[in-house]
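Each chain is listed here by its residues.
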Amino acid sequence: MNKLLVITLFFSVSTWADAKIDFYKKVFPNLNSTKSHKVADPISDEPTNTEILEAFDAKNNLLGYIREVNTTTGCNSACLPVIFTLFYDKNVQFKKLLSRDGLTKKNHAPFTNEDYQKLELILLMNPKEFKKVGYPTEMVDGITGATLKEYDQVVVKEAAYSSLRVNTYNQQTMAEIKKLQQKK
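Residues numbered from 1 in each chain as written. Predicted model: local features only at pLDDT ≥ 70, side-chain atom pairs only at ≥ 80, totals over all residues. Heavy atoms only, no water.

Engineer: Tell me what's going on with the overall build of the protein, and back it up with residues and numbers.
Structural biologist: Within the protein, the secondary structure is distributed over 4 helices and 5 strands. In sequence order, the secondary structure elements of the protein are arranged as α-β-β-β-β-β-α-α-α. For the protein, the spread of C-alpha atoms along the principal axes amounts to about 60 × 40 × 30 Å. The burial tally for the protein puts 42% of its 184 residues in the buried class. By sequence separation, contacts in the protein at least 24 residues apart represent 53% of the contacts at least 6 residues apart. Roughly 10,900 Å² of accessible area belongs to the protein as shown, and the carbon and sulfur atoms make up 54% of that amount. (Helix = DSSP H or I, 4+ residues; strand = E, 2+ residues; numbered from the N terminus. Buried < 20%, exposed > 50% of the residue type's maximum accessible area, 1.4 Å probe, protein only. Contact = heavy atoms within 4.5 Å. Areas by Shrake-Rupley, 256 points an atom, 1.4 Å probe, with all protein chains shown as cover.)

Engineer: I'd like a description of the sheet that holds strand 5 (residues 94–98), backed by residues and values.
Structural biologist: Pairing within the open sheet is antiparallel, and its 5 strands lie in the order 1-2-3-4-5. Edge positions in the sheet fall to strand 1 (33–38) and strand 5, since each of these pairs with one other strand and no more. Between one strand axis and the next, the sheet turns through 25 degrees on average, direction left out of account. Examined bridge by bridge, strand 2 (residues 51–56) and strand 3 (residues 62–71) share 4 bridges and lie antiparallel to one another. Among the inter-strand pairings, Leu53 is bridged to a residue of strand 3, identified as Ile66. Of the strands in this sheet, strand 4 (82–89) and strand 5 are in contact with helix 2 (residues 113–125), which crosses strand 5 at around 145 degrees. Taken strand by strand, helix 4 (residues 160–183) contacts strand 1, strand 2, strand 3, strand 4 and strand 5, and its axis lies near 40 degrees from that of strand 4. (Pairing = 2+ DSSP bridges. Axes fitted to C-alpha atoms, helices over the stretch in contact; angles between N-to-C directions.)

See below:
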């Protein structure tokens, strides 16, 4: 490999890694390092979200946990990917959801700040209505695409599929973190 390509690759990887750390510092300002753990991904058709990070400060104190997720809504339609990062404190309590690319709703409309706030509330509540859903399309009217009334209050408006998918990953992530803690 030529030296220029190696140098370019090194700086590209370093810049990318620095950008990730800077992104994580939005939630964990004292973040100094991370440690990766492999976990299951039984949610996506192709299990690609198989890593949870432990976040540490400069004194190697545990700050919390991070999980990057890149998935679909699970409905096999024209929906855009659902790409987000979940953050938890060291007691496995949900802390924050961020999305570099931004989440979208019906017709690819971007989430508003209010939508993100509602989604975080949904994650904190873990609505019991979601347990009844076998497949995302069960949450909407098959003809109009409108969210069914029984789910209307427990999803982001016009983002029922994304609300369900993010909540499912949130619950699965907390379970995986608890497994990691039991191994210690």
